[in-house]
Amino acid sequence: VDWQLLVDAAILVQQRAYAPYSHFQVGAALMDSMGKLHIGCNVENASYGLSMCAERNAIAAMISAGDQRIVQMAVASNGGVTPCGACRQVISEFGEQVTILLLDSKTLSWRVCTISELLPRAFGGQHLS
Ligand code: THU
């Protein structure tokens with residue numbers, strides 16, 4: 001579990017965020033089961049509800065690259081916020097044991113948590129049929 005690469009990537013991609021409405025830029029970097037890195041930033045829209053979070057854009061990049069398992073994810077923001085509820089559900093789809101590093105890119109302080117802490121008793125594919 002080497003966080004440095006993921007932290008550096010999350011800080012880098014945070015700066016590419018398109019957030020002219022909220023001015024809240026977020027960067028996410030994840031490691032897949034093959035050890036490959038995928039990144040995403042939030043992309044907002046004038047039609048606000050169409051905005052997409054950094055975490056889900058990083059997951060879309062992973063799926064597009066051909067992997068379907070998240071091992072660990074770093075999220076960089078001002079304040080080191082936790083992922084929103086929608087992102088928690090989407091993260092849990094691709095890993096029940098994902099560890100997530102929440103980085104405050106202003107102070108470089110951070111904390112680590114797991115998806116099961118953020119989304120206990122998650123609904124998942126195992127509940128279907
Ligand atoms: N946002 C993320 O990208 N990830 C989070 O974990 C929290 C919120 C984005 C969505 C929106 O573009 C902006 O931050 C403000 O909510």
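Below or above, wherever it landed, is the structure these notes cover. (Residues numbered from 1 in each chain as written. Predicted model: local features only at pLDDT ≥ 70, side-chain atom pairs only at ≥ 80, totals over all residues. Heavy atoms only, no water.)

## Considering a nonpolar patch on the surface
Part 1 of the reasoning: Taken together, the side chains of Tyr18, Tyr21, Val43 and Tyr48 present a nonpolar region at the surface, about 430 Å² in accessible area.
Part 2 of the reasoning: Overall, tyrosine 18 belongs to the partly exposed group, its relative accessible area being 43%. (Patch = residues over 30% accessible without salt bridge, like charges linked within 9 Å, V, L, I, M, F, W, Y side chains within 5 Å. Areas by Shrake-Rupley, 256 points an atom, 1.4 Å probe, with all protein chains shown as cover. Salt bridge = Lys/Arg side-chain N within 4 Å of Asp/Glu carboxyl O. Buried < 20%, exposed > 50% of the residue type's maximum accessible area, 1.4 Å probe, protein only.)

## A look at the packing of helix H2 (residues 54-65) against helix H3 (residues 85-93)
Part 1 of the reasoning: Orientation of H2 relative to H3, taken along the N-to-C sense of each, is 25°, at an axis distance of 9 Å. The angle between H2 and H3 falls in the class roughly parallel. Seen along the crossing, H2 lies across H3 with a hand that is left-handed. Contacts from Glu55, Arg56 and Ile59 in H2 reach Ala86, Cys87, Val90 and Ile91 in H3.
Part 2 of the reasoning: Residues belonging to the contact of H2 with H3 are distributed by class as follows: 5 nonpolar, no polar and 2 charged. (Axes fitted to C-alpha atoms, helices over the stretch in contact; angles between N-to-C directions. Helix = DSSP H or I, 4+ residues; strand = E, 2+ residues; numbered from the N terminus. Parallel < 35°, antiparallel > 145°, perpendicular 65-115°, else oblique. Left-handed = near helix turned anticlockwise from the far one by under 90°. Contact = heavy atoms within 4.5 Å. Nonpolar A, V, L, I, M, F, W, Y, C, P; charged D, E, K, R; others polar.)

## Remarks on H2
Part 1 of the reasoning: Over its 12 residues, H2 runs 17 Å from end to end, which matches the ideal 16 Å to within 8%, given 1.5 Å per residue.
Part 2 of the reasoning: Among the residues of H2, Ala54, Glu55, Ala58, Ile59 and Met62 are the ones counted as buried. Summarising the axial view, the buried residues of H2 lie within an arc of 135°, below the 170-degree limit, and thus occupy one face.
Part 3 of the reasoning: Along its buried surface, H2 packs onto strand S1 (27-32), strand S2 (37-41), strand S3 (70-77) and H3.
Part 4 of the reasoning: At the exit of H2 stands glycine 66, carrying a positive phi of roughly 110°. (Expected span 1.5 Å × (residues − 1). Arc of directions from axis to C-beta.)

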